[in-house]
Amino acid sequence: MTLQKARRVLIVGAGPGGLTAAMILGKRGCEVEVFEKQPQVGGRNARITLGDFHFDLGPTFLMLKEVLDKVFAEAGADSGSLLQFKRLDPMYRLQFADSRRLEPTADQAAMQQEIARVFPGRESTYQRFLAREGKRFARLYSCLEQPCHTLGSMFSLRLLKALPHLAPGKSLYDLLSGYFTDPQLSLSFTFQAKYLGMSPWECPGLFAIIPYIEHHFGIYHVLGGLNRISGQMAATAASNGVRLHLNAPVRSLLLDGRRVRGLILEDGREIHGDEVIINADFAHAMTNLVPPGVLRKYSPEQLAKKRFSCSTFMLYLGVDKLYQIPHHTIVFARDYRKNVEEIFNGGSFSQDFSFYVHNPSITDGSLAPSGQSAVYILVPSSNLRGSVDWPHEAVAIRERVLDALESRGGMPDLRQHIVAEKMLTPQDWQDEYSVYAGATFNLAHNFSQMLYLRPRNRFEELEHCYLVGGGTHPGSGLPTIYQSGLIAANLITAPD
Ligand SMILES: Cc1cc2nc3c(=O)[nH]c(=O)nc-3n(C[C@H](O)[C@H](O)[C@H](O)COP(=O)(O)OP(=O)(O)OC[C@H]3O[C@@H](n4cnc5c(N)ncnc54)[C@H](O)[C@@H]3O)c2cc1C
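Residues numbered from 1 in each chain as written. Predicted model: local features only at pLDDT ≥ 70, side-chain atom pairs only at ≥ 80, totals over all residues. Heavy atoms only, no water.

Undergrad: Any chance you could explain the environment of G346 here in plain terms?
TA: By secondary structure assignment, the location of G346 is in the loop between α14 (336-344) and β16 (355-358). As a C-alpha pair, G346 and L384 span 38 residues in sequence and 8.4 Å in three-dimensional space. Residue contacts for G346: discarding those within four places in its chain leaves S382, G386 and S387. (Helix = DSSP H or I, 4+ residues; strand = E, 2+ residues; numbered from the N terminus. Contact = heavy atoms within 4.5 Å.)

Undergrad: Whenever I open this one, the pattern of salt bridges confuses me. Can you help?
TA: Side chains bearing opposite charge may pair, as long as their charged atoms lie close to each other. Per the stated rule, a full pass over the model turns up 29 salt bridges. With a shortest N-O distance of 3.7 Å, E342 and K338 are connected by a salt bridge. Here the residue E342 and the residue K338 both occupy positions in helix α14, the gap between them amounting to four residues, near one helical turn. For E342, a relative accessible area of 25% corresponds to the partly exposed category. Linked by salt bridges that have partners in common, R398, E399, D403, E406, R415 and E421 make up one network. (Salt bridge = Lys/Arg side-chain N within 4 Å of Asp/Glu carboxyl O. Buried < 20%, exposed > 50% of the residue type's maximum accessible area, 1.4 Å probe, protein only.)

Undergrad: Help me out: how do you make sense of the environment of F459 in this one?
TA: Secondary-structure assignment places F459 in the loop between α17 (426-433) and β19 (465-467). Of the residues examined, F459 reaches a relative accessible area of 3% and is grouped as buried. When the C-alpha atoms of F459 and I277 are compared, they prove to be 9.3 Å apart, with 182 residues separating the residues in sequence. Ignoring anything within four residues of it in the chain, the contact list for F459 reads F282, M286, L295, Y298, C465, Y466 and L467.

Undergrad: Teacher, can you tell me more about the sheet that holds strand β15 (residues 328-331) here?
TA: Within a sheet, each strand pairs with its neighbour through backbone hydrogen bonds, oriented either parallel or antiparallel. Strands sit in the order β7-β6-β15-β16-β17-β14-β18 across an open sheet of seven strands; the sheet is mixed. Of all strands in the sheet, those with a lone pairing partner are β7 (101-102) and β18 (418-424), marking the two edges. Bridge count between strand β6 (residues 93-95) and β15: three bridges; the pairing is parallel. Paired with R93 across the strands is T329, a residue of β15. Packing of α17 onto the sheet brings it into contact with β14 (311-319), β17 (373-381) and β18, and relative to β18 it is tilted by some 80°. (Pairing = 2+ DSSP bridges. Axes fitted to C-alpha atoms, helices over the stretch in contact; angles between N-to-C directions.)

Undergrad: In this structure, what is going on with the side chain of H215? I would like to understand it.
TA: Residue position: H215 is located in helix α10 (residues 209-217). If we skip the residues at most four places from it in the chain, H215 touches M91, Y92, P104, T105, A106, Q108, M111, Y126, F129, L130 and F189.

Undergrad: Explain the packing of aromatic side chains here, please?
TA: The description of two aromatic rings rests on the distance between their centres and on the angle between their planes. Applying the stated criterion across every chain, the model contains 35 aromatic pairs. Seen from the ring of F85, K65 lies directly overhead, with NZ or CZ sitting 4.6 Å from the centre. Its guanidinium or amino end placed over the ring of Y452, R456 lies 3.7 Å from that ring's centre, counting from NZ or CZ. (Phe/Tyr/Trp six-rings, centres within 6.5 Å; stacked < 30°, edge-to-face > 60°. Lys NZ or Arg CZ within 6 Å of the ring centre and 35° of its normal.)

Undergrad: Which parts of the structure should I look at to understand the packing of helix α1 (residues 16-27) against helix α18 (residues 478-493)?
TA: Angle between the axes and distance between the axes are the two parameters that describe a pair of packed helices. For the pair α1 and α18, interaxial distance at closest approach is 8 Å and the crossing angle is 40°. Classified by the interaxial angle, the pair formed by α1 and α18 is oblique. Once α1 is placed against α18, the crossing between them reads as right-handed. On α18, the residues touching P16, G17, T20, A21, I24 and L25 of α1 are L478, I481, Y482, G485, L486, A489, I492 and T493. Of the residues assigned to the contact of α1 with α18, the class counts are 10 nonpolar, four polar and no charged. (Parallel < 35°, antiparallel > 145°, perpendicular 65-115°, else oblique. Left-handed = near helix turned anticlockwise from the far one by under 90°. Nonpolar A, V, L, I, M, F, W, Y, C, P; charged D, E, K, R; others polar.)

Undergrad: Teacher, can you tell me more about the sheet that holds strand β11 (residues 259-265) here?
TA: The three strands are arranged β10-β11-β12 in an open sheet whose pairing can be described as antiparallel. Both outer strands of the open sheet, β10 (250-256) and β12 (270-272), are each paired with one neighbouring strand and no more. Across the sheet, the axes of successive neighbouring strands diverge by a mean angle of 35°, strand direction being ignored. The pairing of β11 with β12 spans three bridges and is classified as antiparallel. The residue of β12 that forms the bridge with I264 is E270.

Undergrad: Teacher, can you tell me more about the site of the ligand here?
TA: Neighbouring the ligand are 35 residues, the closest being E36, R44, N279, G470 and L478. Within the backbone of T60, one N or O atom sits 3.0 Å away from an oxygen atom of the ligand. In the environment of the ligand, an oxygen atom lies 2.8 Å from a nitrogen or oxygen atom belonging to the side chain of N279. In terms of residues, the shell around the ligand owes the most to one element, α18, which gives three residues. Here the residues of the shell around the ligand are counted per class, giving 17 nonpolar, 15 polar and three charged. Residues from two domains meet in the shell around the ligand; each of domain 1 (8-84 + 224-305 + 443-493) and domain 3 (310-436) gives at least three. (Near = heavy atom within 4 Å. Polar contact = N/O pair within 3.5 Å; in protein donor to acceptor, adjacent residues only side chain to side chain. Domains from an automatic or database assignment.)

Undergrad: Help me out: how do you make sense of the nonpolar core in this one?
TA: Here is a general trend for soluble globular proteins: nonpolar side chains tend to be buried in one another's company. I229 and Y316 are the most contacted members of the largest nonpolar core, which has 116 residues in total. Setting aside residues up to four positions removed in sequence, I229 forms contacts with N45, L62, L68, F72, L83, V222 and Y482. If you look at the next biggest cluster of nonpolar residues, it comprises 32 residues, including L265, L295, F459 and C465. (Core = buried A, V, L, I, M, F, W, Y, C linked by side-chain atoms within 4.5 Å.)

Undergrad: Honestly, the domain arrangement of the chain in this entry has me stumped. Any pointers?
TA: Buried accessible area, meaning the area lost when the parts come together, often serves as the stated size of an interface. Domain annotation for the chain reports domain 1 (8-84 + 224-305 + 443-493), domain 2 (106-215) and domain 3 (310-436). Measuring from the centre of the C-alpha atoms in domain 1 to the corresponding centre in domain 3 gives 27 Å. Between domain 1 and domain 3, the residue contacts involve 23 residues of the former and 30 residues of the latter. Between domain 1 and domain 3, roughly 2,100 Å² of surface is buried when both sides are summed, and carbon and sulfur atoms account for 67% of that area. Applying the counting criterion to the domain 1 and domain 3 interface returns zero salt bridges. On the surface where domain 1 and domain 3 come into contact, there are 10 residue pairs in polar contact (both at pLDDT 80 or more). Every element with two or more residues in the side of domain 1 that touches domain 3 is listed here: β3 (47-50), β4 (53-56) and α12 (282-288). (Buried area = accessible area lost by both parts, 1.4 Å probe.)

What follows is the structure in structure tokens.
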């Protein structure tokens, strides 16, 4: 790609989206400065350290590794020499209330046998799922690689060809139960809606591409934690000449009407640039960094009407014992659907809840002292639009989560072995990590908030302003966020 004119680009936030754009634009000859309010890079993909224990703050599943490889290559770097990837096989354990356990693998013959082991007689439709969803993936994923910032892009040949695969009117659960009639087996291919912070009964059916991606490409861990990716992106950006400022919160965009001229930092300094990229959580940025009265479509009042993902209650536990449970385990509530409805209806914290346990020390010895473990627990919960009073209820909820881990999570004596701990509630996601309404997976991915209808990478409300990250096109999740960084970089360096 040829650069028409070197530009000065300012980036708000050093999360995965901002870092991707920074390292690519640096490589393409732009003068890039990144302003990050936290003392470290990575955003929700940062590292947490408690004594000798190291945790990923957020992402733990790396899917579509090829997208990561591509963005590093665009920045002139080789991800394979910077990071050590470990393909997980089996990918994870799914644990049902009746004590059945399924361990999905991306080895397709082995997966068919695994289905036959746990759901005898139900294995035959697996190949049909792979064949049909493979076609949907081939048509749809290429649309997610495009900017989708003009109405014309909605009528591109690529998108028109994808239309029959959008499965309008069908939820992910509807679509997948067409292959898997056993409800628990259906759940094994639809719980992935939670990766978008959505309910399988509401998430559009086209997201059947997510379980397909897992089963076709597999999932990866990165030695040292997925936060290493952000660390290496920052290093690559620096070697491409990008200037990274930590502990540098941005107070506001510097505007001249609707044209963005630069940034005003919290310390009052004005920084001027040709283009500004916003990686801060989209809805947080719109409500906090843009002066009142400027925005129409995404004003605070309009944002209040939008749909957002669920949130997560988190425990990061340093444990002086290594539990013999898999790298990833998902433990389903007895009544999964009721739990999901309670999360999205914004009621109290469910009595009967699902949770996810990350036990990476079982495959990666670098995260805790030998024989010990850095355990991360994620409980999907309602975002701050729900009725839980987190500051008052968090301690009691922590006790209930520890009870569940001891009774259902394979860690019967957990409390006796906790030597380091951090708890994070939806309120903390908002207050400490600048996540609007604590909605950890951003704007929901319903049809009215996708593609052209999602905040665009060339922001439609302000000039010389670009958006990257999970709240923008193509959507939440690391591969699509990396893609957003690449799209924004392309729009800046090769404007149409
Ligand atoms: C608990 C959890 C688990 C997840 N698991 C997975 C997973 O397994 N796989 C997956 O693919 N995805 C996962 N995700 C989703 C997604 O990949 C991550 O949330 C990702 O880190 C989001 O990246 P981002 O670029 O959108 O923004 P962020 O990571 O939120 O980065 C935004 C940055 O902007 C900074 N910022 C905000 N305001 C300002 C300001 N005013 N001035 C300067 N800087 C500012 C923030 O400090 C932050 O560093 C998970 C998310 C969470 C929360």
